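# Breakdown of the fold
Spelled out from the first residue to the last, the chains are:
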Amino acid sequence: MNTSFSTINLLRYAVAYVFITSGFMKLISTELANAFLNIGLPYPHIMLYMVVLLEIFCGILILLNRAVKNAVIPLIAIMIAALLLTKLPSLNTGFIQFAFNARLDIVVLVLLVILYNRYP
C-alpha cells in the first residue's frame, strides 16, 4: 500500500474536502440553500439536490481515488456554472472586483482540470 503524500494526492484531498463540505453545507445551511435557490435556475429545489448529490458523491470518489477522471467532469461543469451565474455579474463593477470574487472558484477549477489531465 502506497501511503506517500505526493502532490497529486494532496490536490485530490483538498478538492475532495472542498466539494464534500460544500455539498453538506448546502444541506444544513438554510442561508446557503436559499442563496442557491434564488440564483434563478429552473427547478431550483431539484437542481439544489442534484448539485448536493454530485458534490458529495464525486468528492468521495476523488477522496478514495476511484474514477477520478469521471468524477471531476460534473464538478468542472458545476464550477463553470458557478462562475457564470454568481461571479460573472460582478464584472459590471470592474475587472478587479470580478477577479477578487472569482478567485477561489478559478483556483478550484484549475485544480479540477489538473486532476482530469492527470488520470487516465
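Structure: see above.
Because the structure is a prediction, the values reported are computed rather than measured. (Residues numbered from 1 in each chain as written. Predicted model: local features only at pLDDT ≥ 70, side-chain atom pairs only at ≥ 80, totals over all residues. Heavy atoms only, no water.)

## Notes on the pattern of salt bridges
Keep this limit in mind: Only one rule defines a salt bridge in this text: a Lys or Arg side-chain nitrogen within 4 Å of an Asp or Glu carboxyl oxygen. Under the DSSP-based scheme used, a helix requires at least four consecutive residues in state H or I and a strand at least two consecutive residues in state E, with every element numbered from the N terminus. When accessible area is computed with a 1.4 Å probe and restricted to protein chains, residues below 20% of their type maximum are described as buried, those above 50% as exposed, and intermediate ones as partly exposed.
In total, this model carries 2 salt bridges according to the counting rule given. Lys26 is the salt-bridge partner of Glu55, the closest N and O atoms lying 3.0 Å from each other. Residue Glu55 is located in helix α3 (residues 44-63), and its partner Lys26 is located in helix α1 (residues 7-28); the two are separated by 29 residues in the primary sequence. Take Glu55 and Lys26: they sit in the same class, and that class is buried. Asp105 is the salt-bridge partner of Lys87, the closest N and O atoms lying 3.3 Å from each other. Pair noted here: Lys87 is in helix α4 (residues 68-87) and Asp105 is in helix α5 (residues 95-118), with a separation of 18 residues, a long-range link. Residue classification places Asp105 among the buried residues on the basis of a relative accessible area of 13%.

## A closer look at unusual backbone geometry
Across residues other than glycine, the phi torsion is negative in most instances, and most of the peptide bonds are trans. Even without being glycine, Tyr43 reaches a positive phi, approximately 50°. By the element assignment, Tyr43 lies in the loop between α2 (30-37) and α3. Residue Tyr43 is classed as exposed on the basis of its relative accessible area of 66%. Even without being glycine, Ala67 reaches a positive phi, approximately 50°. Take Ala67: it is sitting in the loop between α3 and α4.

## A word on the packing of α1 against α5
To be explicit about the condition: Only the contacting stretch of a helix is used when fitting its axis, a line to C-alpha atoms as for every element, and angles between N-to-C directions run 0 to 180 degrees. What sets the label is the angle itself: under 35 degrees gives roughly parallel, over 145 gives roughly antiparallel, 65 to 115 gives roughly perpendicular, and the rest give oblique. By the definition used in this description, the sense in which the near helix is turned from the far one sets the handedness, with an anticlockwise turn below a right angle giving left-handed and a clockwise turn giving right-handed. The contact definition used throughout considers only heavy atoms, calling two residues in contact when any of these lie within 4.5 Å.
Two elements in contact, α1 and α5, have axes whose closest approach is 10 Å; the angle formed by their N-to-C orientations is 130°. By the angle class used here, α1 and α5 are oblique. α5 is crossed by α1, and the crossing has left-handed handedness. Residue-level contacts link Ile8, Leu11, Arg12, Val15, Val18 and Phe19 of α1 to Val108, Leu111, Leu112, Ile114, Leu115 and Arg118 of α5.

## Looking at the side chain of Glu55
To keep things clear, this is the line we draw: Counted as a polar contact is a pair of N or O atoms within 3.5 Å, where, for protein atoms, one must be capable of donating a hydrogen and the other of accepting one, and residues adjacent in sequence contribute only when both atoms are in side chains.
Take Glu55: its relative accessible area is 3%, and that puts it in the buried class. Within polar-contact distance, the side chain of Glu55 engages the backbone nitrogen of Gly23 at 3.2 Å. Beyond its immediate chain neighbours, meaning those up to four positions away, Glu55 contacts Phe19, Ile20, Ser22, Gly23, Lys26, Leu75 and Ile78.

## Topic: the nonpolar core
So the rule is basically this: Side-chain atoms within 4.5 Å link the members of a nonpolar core, which is a set of buried Ala, Val, Leu, Ile, Met, Phe, Trp, Tyr and Cys residues.
Formed by 31 residues in total, the largest nonpolar core has its most connected members in Val15, Phe19, Ile62, Val72, Leu75, Leu112 and Leu115. Among the secondary structure elements, those contributing two or more residues to this core are α1, α2, α3, α4 and α5. If one sorts the elements of this core by residue count, α4 sits on top with 8 residues. Once you skip the residues sitting within four places of it in the chain, Val15 turns out to touch Ile62, Leu111, Leu112 and Leu115.

## What about α3?
As a reminder, the rule being used: Each helix should span, by expectation, one fewer than its residue count multiplied by 1.5 Å.
Given a rise of 1.5 Å per residue, 20 residues ought to cover 28 Å, and the 28 Å separating the end C-alpha atoms of α3 matches this to within 8%. For α3, every residue scored as buried is listed here: Leu48, Val51, Val52, Glu55, Ile56, Cys58, Gly59, Leu61 and Ile62. Looking at the buried positions of α3, the neighbouring elements they touch are α1, α2, α4 and α5. Phi for Asn65, located one or two positions after α3, is positive at around 60°.

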